[in-house]
Amino acid sequence: MTPAVKVPEGLSARVPVEQRGPGLERDSVRLLVSRGTAVSHHAFRELPRLLRAGDLLVVNTSATLAAAVDGRIGHARVVVHFSTRGDDGRWAVELRDPDGRGTTRARAGVRAGVEVWLPGGVRLLLEDPLSAHAERLWWARVTGAEVLELLRRHGRPIRYAYTERDQPLSAYQTVFALPSPDGAGSAEMPSAGRPFTARIVTELVSRGVQFAPVTLHTGVASMEAHEPPYPERFVVPEASARVLNAVKAGDGRVIAVGTTAVRAVESAAGPDGVVRARAGWTDLVVTPERGVRVVDGLLTGLHEPEASHLLMLEAVAGRAALDRGYEEAVRGRYLWHEFGDLHLLLP
């Protein structure tokens, strides 16, 4: 079940907030706060005063990749979205058609054996669909270059049709992003962390709020099909597991910054609620039926009514809180998507 509200026209954030007017910075977005069905309206800069000493923010350190690359199938132009690197060296990719407006649309008729030529004579060959249930993402083998070097030289950030123009990769990096030892990263920005600035982090720390870094490399979302999440790489370090367990044993609250942080930390938690250091792949889908074992609250963007992420939000906050919050977000004309406003769901 998902909130009944529809996202009205005009409520997509088309450019980053810092480009909307003079004097605006990343932390100039708005913040909707839900405590059960009680809703209040704030500026994101008020976040340090809305949390309390002893609270813990779980943040995703995955850096965003320039994951979109132009290519050709015969004489036809295509755009390849590189999603996830597999253990066998192949990449999960999505093929998309240019739409003539600088963005892309889903490509029909994709099948095994399709060959795509990329810049520099690089060849990409589709081999198997990622899932038996959907043929949007395919495992592909790339020859002629290392994919991460190809992305560095010829890639650009993935961009969807609700945005106004291309942005530099720096617009898609959060203050928490760290280079991965193997160069891997996220196909799409872990966007709940975007409004944080060094100033906000410093104020949070000075007020006694702690941080637990985790990593989850996000793949390509489905803008059309709203498929459930598929397996993604994650790491919960030993130090983060220790602080998570200490906060759970005390009276602090564990608040995840983004759905990716929820997926990572819940994947490292046993049925007893104890978090253990883990690294690998997670196929966990957090639903109201499964519930959450560690996370008490969630800071997240606003999601489309059909998005599978909303099941995770319902698991954290409950259906009534979610419905009420989204009604207020529409009424208050909050902005959706990765450059939009934030929603803080507290116990």
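Keep in mind it's a predicted model, so treat the numbers as computed, not measured. (Residues numbered from 1 in each chain as written. Predicted model: local features only at pLDDT ≥ 70, side-chain atom pairs only at ≥ 80, totals over all residues. Heavy atoms only, no water.)

Trainee: Please clarify how the sheet that holds strand S16 (residues 342-346) should be interpreted in this entry.
Mentor: Hydrogen bonds along the backbone pair up the strands of a sheet, which may run parallel or antiparallel. Read across the open sheet, the nine strands follow the order S2-S1-S16-S15-S13-S3-S11-S12-S14; overall the sheet is mixed. Of all the strands in the sheet, just strand S2 (38-43) and strand S14 (278-282) have a single pairing partner and so form its edges. Shown here is a sheet whose adjacent strand axes are inclined to one another by a mean of 20°, direction ignored. As judged from the three bridges shared by strand S13 (residues 254-257) and strand S15 (residues 297-300), these two strands associate in the parallel manner. For Val-257, the partnering residue across the bridge sits in S15 and is Leu-299. (Pairing = 2+ DSSP bridges. Helix = DSSP H or I, 4+ residues; strand = E, 2+ residues; numbered from the N terminus. Axes fitted to C-alpha atoms, helices over the stretch in contact; angles between N-to-C directions.)

Trainee: Any chance you could explain unusual backbone geometry here in plain terms?
Mentor: Residues apart from glycine generally show negative phi values, whereas peptide bonds are mostly found in trans. Of note in the backbone geometry, Arg-333 takes a positive phi value of approximately 55° without being a glycine. The phi dihedral of His-337 falls on the positive side, at around 80°, and the residue is not glycine.

Trainee: Explain the packing of helix H5 (residues 259-267) against helix H6 (residues 309-317) here, please?
Mentor: The angle between the axes and the distance between the axes are what describe a pair of packed helices. One way to put it is that H5 packs onto H6 with a least axis distance of 11 Å and a crossing angle of 65°. With respect to their mutual orientation, H5 and H6 come out roughly perpendicular. Crossing hand, H5 versus H6: left-handed. Only His-309, Met-312 and Leu-313 of H6 make contact with H5, whose side of the interface consists of Thr-259, Val-262 and Arg-263. Classifying every residue of the contact of H5 with H6 by side-chain character gives three nonpolar, two polar and one charged. (Parallel < 35°, antiparallel > 145°, perpendicular 65-115°, else oblique. Left-handed = near helix turned anticlockwise from the far one by under 90°. Contact = heavy atoms within 4.5 Å. Nonpolar A, V, L, I, M, F, W, Y, C, P; charged D, E, K, R; others polar.)

Trainee: Help me understand empty space enclosed by the protein, please; the structure alone is not making it clear to me.
Mentor: One water molecule sets the probe size; rolling that probe over the atoms shows where empty space is left. Counting across every chain of the model gives three cavities of 30 Å³ or more. Estimated volume of the second largest cavity: approximately 80 Å³. If you trace the second largest cavity, you find it lined by Ser-83, Thr-84, Arg-85, Trp-91, Ala-184, Gly-185, His-217 and Arg-233. Counting residues per element, the lining of the second largest cavity draws most heavily on strand S5 (residues 76-85), at three residues. Among the residues making up the lining of the second largest cavity, the classes are represented as two nonpolar, four polar and two charged. (1 Å grid on protein atoms, 1.4 Å probe; cavity = no way out; pocket = protein on both sides within 12 Å on 5 of 7 lines; lining within 4 Å. Points joined across faces, edges and corners; volume = space filled by probe spheres on them.)

Trainee: Mind showing me how you'd approach helix H4 (residues 238-249) here?
Mentor: Since the α-helix turns once every 3.6 residues, residues separated by three or four places project in the same direction. The first and last C-alpha atoms of H4 sit 17 Å apart over 12 residues, in line with the 16 Å expected at 1.5 Å per residue. Every buried residue of H4 is listed here: Ser-240, Ala-241, Val-243, Leu-244 and Val-247. (Expected span 1.5 Å × (residues − 1). Buried < 20%, exposed > 50% of the residue type's maximum accessible area, 1.4 Å probe, protein only.)

Trainee: Could you clarify how one ought to interpret helix H2 (residues 147-154) in this entry?
Mentor: Of all the residues in H2, the buried ones are Val-147, Leu-148, Leu-150 and Leu-151. Buried residues in H2, looked at end-on, bunch into an arc of 155°, giving them a common side. In H2, the exposed positions that point more than 90 degrees away from the buried face belong to Arg-152 and Arg-153. Residues of H2 that are buried make contact with strand S4 (68-73), S5, strand S6 (91-98), strand S8 (115-118), strand S9 (122-129) and strand S10 (138-143). (Arc of directions from axis to C-beta.)

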